[in-house]
Amino acid sequence: MLRMYKREIVKQLNIWRNKAHRKPLVLRGARQVGKTTLVKEFGKDFDAFVYLNLEKGDAEIFRKFSDVRALWQYICLTRQIMQGKGSSILLFIDEIQEEPKAVAMLRYFYEELPEIHVIAAGSRLQSLTKAGLSFPVGRVEYLTLRPFSFAEYIEAKRGEAWADMVRGLSVPEMLHEDMIAEFNTFALVGGMPEAVAEYLDAGDITRLAPIFNALLKGYNEDAEKFAKNQEQAKILRHILSTAWLSAAETITFGCFGNSSYTATQIHDAMDLLERAYLLSLDYPVTATAVPAMPAKRRAPKLMMVDTGLANFFAGIQVQYLQNKELLDTWRGRAAEHIVAQELRIAADRQYKESQYFWVRDQKGATAEVDFIWQDGIQIIPIEVKAGTNSRLRSLHSFVNACERPVVALRVWSGNYSVQEVTTPAPHAKPFRLVNVPFYYIGQIDTLLNRLLQAAQ
């Protein structure tokens, strides 16, 4: 078992645990992001912990019973669980997609045995769709586990004090260069738990190649297990063998990866992979006011599950280590991708399902802002820049198109600062520019709250 490092999602697990009207929890996330390790560690805080792996023989238990109370009595007797009054018990059903009756049984745990804490997980939950199954509506709730965030990584490497500086937006200027260097390394290693553990143990990035290679092969092998048919399995394998090179790029579906597959075939296959949390399709918005509605007819940006995997596939490790600036490598896409990865985790905390960027809705216009973040009634534009690459033409285009006062974020390698600036003439429109070091972007919700409080 991998060494267990602290994961921020434990806070949300504890909130779920203490709810008065708690539902069974479905823990989602890509394969090998640490779901099983996390729940086993979480289970240590209960009076009793029952682990069922339906891929390794435990599915038979659910086939024996139709009554949830009889099922639970059998589990208690065979696992020697003593259920006393007031005792806390966590039942973890891993690889739940392997048995349809287990999926259906979740609603009865909720209705008849609410005192039992139930968590379900699986590496191929999207395969339920293939079998025509879904989790009982209104009877379960969801959390998503992503790869390590930078705050989790830096806590594992440098300790809690360093993570607190990041989470508290309190990195002193004398440690800025050190923290940027740590972020650059994190962007190379990525957040897959096994890769993080190996790097922290050995301090040698070259030793990560077998881990990344095994992960990529595992994802390809999974294609067969949740594809609707053999043809779709081929399409999924094609995407998984080419999409990493298009990370953080705007893509078209038709003939993706120099294939002969149609736009519909690629789109449907990518939809499956998105539900497996291996990639996301981030669509543009064209408005500058809420609500942020995606333009689904426009081309999306492709974001993969982990920047470390994308970097490995692109073969840029040595080149990356020789550069001082994050954006000097891979035409800046590695920087944009790791920012997307950090924002995705922050979005999960705020229950935001999707991530968007902005394009100007005008014929012939090329203005494109890397990300937008909806904060209350505001849309916050976010540009990823670094070093001498500080031009903000697309950001200025957004500001000029916006009727409300704008707070904009520039993510860069410089220090944190807030500037009152104006767009170039003839518009000369004032706006607030917040310069955000890379290591703070995963705390965007805290950062924006602090800015709001300071303005009041």
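Let us look at the structure shown here. None of the values given here were measured: they were computed from a predicted structure. Once a new chain begins, its residue numbering starts again from 1 and follows that chain's sequence as written. Local features are withheld for residues below a pLDDT of 70 in this predicted model, meaning they are given only at 70 or higher, and side-chain atom pairs are given and counted only at 80 or more; totals for whole chains, interfaces and linings count all residues. No hydrogens and no water enter the side-chain calculation; it runs on all heavy atoms of the structure.

## Focus: unusual backbone geometry
Step number 1: Geometrically, the link from valine 290 to proline 291 is a cis peptide bond, its omega value of 0 degrees lying close to zero.
Step number 2: Residues alanine 425 and proline 426 are joined by a peptide bond in cis, for which omega reads 10 degrees.
Step number 3: Note that proline 426 resides in the loop between β14 (417-422) and β15 (430-437).
Step number 4: Of note in the backbone geometry, glutamate 95 takes a positive phi value of approximately 55 degrees without being a glycine.
Step number 5: Numbering of helices and strands starts at the N terminus; helices are DSSP runs of H or I of at least 4 residues and strands are runs of E of at least 2. Tracing the backbone shows glutamate 95 in the loop between β3 (89-94) and α5 (100-112).

## Overview of the pattern of salt bridges
Step number 1: Any carboxyl oxygen of Asp or Glu within 4 Å of a side-chain nitrogen of Lys or Arg constitutes a salt bridge here. Per the counting criterion, the structure on display carries 29 salt bridges.
Step number 2: The partner of glutamate 182 in a salt bridge is lysine 157, with the nearest N and O atoms 2.9 Å apart. You can see glutamate 182 sitting in helix α9 (residues 176-189) and its partner lysine 157 sitting in helix α7 (residues 150-158), a full 25 residues away along the chain.
Step number 3: To sort residues, take the accessible area from a 1.4 Å probe on protein chains only and compare it with the maximum for the residue type: under 20% means buried, over 50% means exposed, and anything in between is partly exposed. According to the relative accessible area criterion, glutamate 182 is buried, its value standing at 5%.
Step number 4: Residue lysine 157 is classed as partly exposed on the basis of its relative accessible area of 33%.
Step number 5: The salt bridge partner of lysine 301 is glutamate 368, with a shortest N-O separation of 3.3 Å. Highlighted residues: lysine 301 in strand β9 (residues 301-304) and glutamate 368 in strand β11 (residues 368-375), separated in sequence by 67 residues.
Step number 6: Take lysine 301: its relative accessible area is 2%, and that puts it in the buried class.
Step number 7: Because the salt bridges share partners, they merge into one network encompassing Lys6, Glu8, Glu155 and Arg167.

## Some words on the pairing of strand β7 (residues 279-282)
Step number 1: Going residue by residue along β7, you find Leu279 and Leu281 tucked away on one face and Ser280 and Asp282 tucked away on the opposite face as well.
Step number 2: Each pair of strands is called paired provided DSSP finds at least two bridges between the two strands. Strand direction decides the pairing type here: β7 and β9, joined by 4 bridges, are antiparallel. What sits directly across from serine 280, in β9, is methionine 303.

## Some thoughts on the nonpolar core
Step number 1: The definition of a nonpolar core used throughout is a set of buried Ala, Val, Leu, Ile, Met, Phe, Trp, Tyr and Cys residues joined through side-chain atoms within 4.5 Å. Ranked by internal contacts, the top residues of the largest apolar core, which has 107 residues, are Ile119, Met270 and Leu409.
Step number 2: Apart from residues lying up to four places away in sequence, isoleucine 119 is in contact with Leu13, Trp16, Leu25, Leu27, Val39, Phe42, Leu90, Leu91, Phe92 and Ile93.
Step number 3: Of all hydrophobic cores here, the second largest spans 31 residues; its members include Ala48, Leu71, Ile75 and Ile96. In what follows, a contact means two residues having at least one pair of non-hydrogen atoms within 4.5 Å.

## Overview of helix α8 (residues 160-167)
Step number 1: Inspection of α8 places Trp162, Ala163, Met165 and Val166 among the buried residues, and these make up the whole buried set. Along the long axis of α8, the arc covered by the buried residues comes to 155 degrees, so they all point the same way.
Step number 2: Where α8 is buried, its residues meet α7 and α9.
Step number 3: Note on α8: the residue one or two positions beyond its end, leucine 169, has a positive phi of about 55 degrees. Working definition: the arc comes from the directions between the helix axis and the C-beta atoms, pointing outward to the latter.

## Comments concerning the sheet that holds β9
Step number 1: If you trace the 3 strands from one edge of the open sheet to the other, you get β6-β9-β7, paired in antiparallel fashion. Pairing within the sheet leaves two strands with one partner each, and these edge strands are β6 (249-250) and β7.
Step number 2: Sheet analysis places β6 next to β9, joined by 2 bridges and oriented antiparallel. In the sheet register, threonine 250 faces β9, and the bridge partner there is lysine 301.
Step number 3: The strands touched by helix α13 (residues 263-275) are β7 and β9; relative to β7, the strand with the most contacts, the crossing angle is about 115 degrees. Think of each axis as a best-fit line through the C-alpha atoms, taken over the contacting stretch in the case of a helix, with angles from 0 to 180 degrees between the N-to-C directions.

## Here we look at the side chain of serine 149
Step number 1: Following the sequence through the fold, serine 149 ends up in the loop between β5 (141-144) and α7.
Step number 2: Setting aside residues up to four positions removed in sequence, serine 149 forms contacts with Glu8, Phe186, Glu342 and Ile345.

## Brief notes about the pairing of β11
Step number 1: Here strand β10 (residues 356-359) pairs with β11 via 3 bridges, running antiparallel. Bridging from a neighbouring strand, tryptophan 358 pairs with valine 369 of β11.
Step number 2: Across 5 bridges, the pairing between β11 and strand β12 (residues 378-384) is antiparallel. Along β12, the bridge assignment pairs phenylalanine 371 with isoleucine 382.

## Details of the sheet that holds strand β4 (residues 117-121)
Step number 1: Read across the sheet, 5 strands follow the order β2-β3-β4-β1-β5 without closing on themselves; strand pairing throughout is parallel. Taken across any chain shown, the strands that pair with only one partner, and hence form the sheet edges, are β2 (48-53) and β5. Sheet twist, expressed as the average angle between the axes of neighbouring strands with direction ignored, equals 20 degrees.
Step number 2: Two elements, strand β1 (residues 25-28) and β5, share 4 bridges in a ladder whose sense is parallel. For leucine 27, the partnering residue across the bridge sits in β5 and is leucine 143.
Step number 3: Across the face of the sheet, helix α1 (residues 10-17) comes into contact with β1, β3, β4 and β5 while running at roughly 135 degrees to β4.

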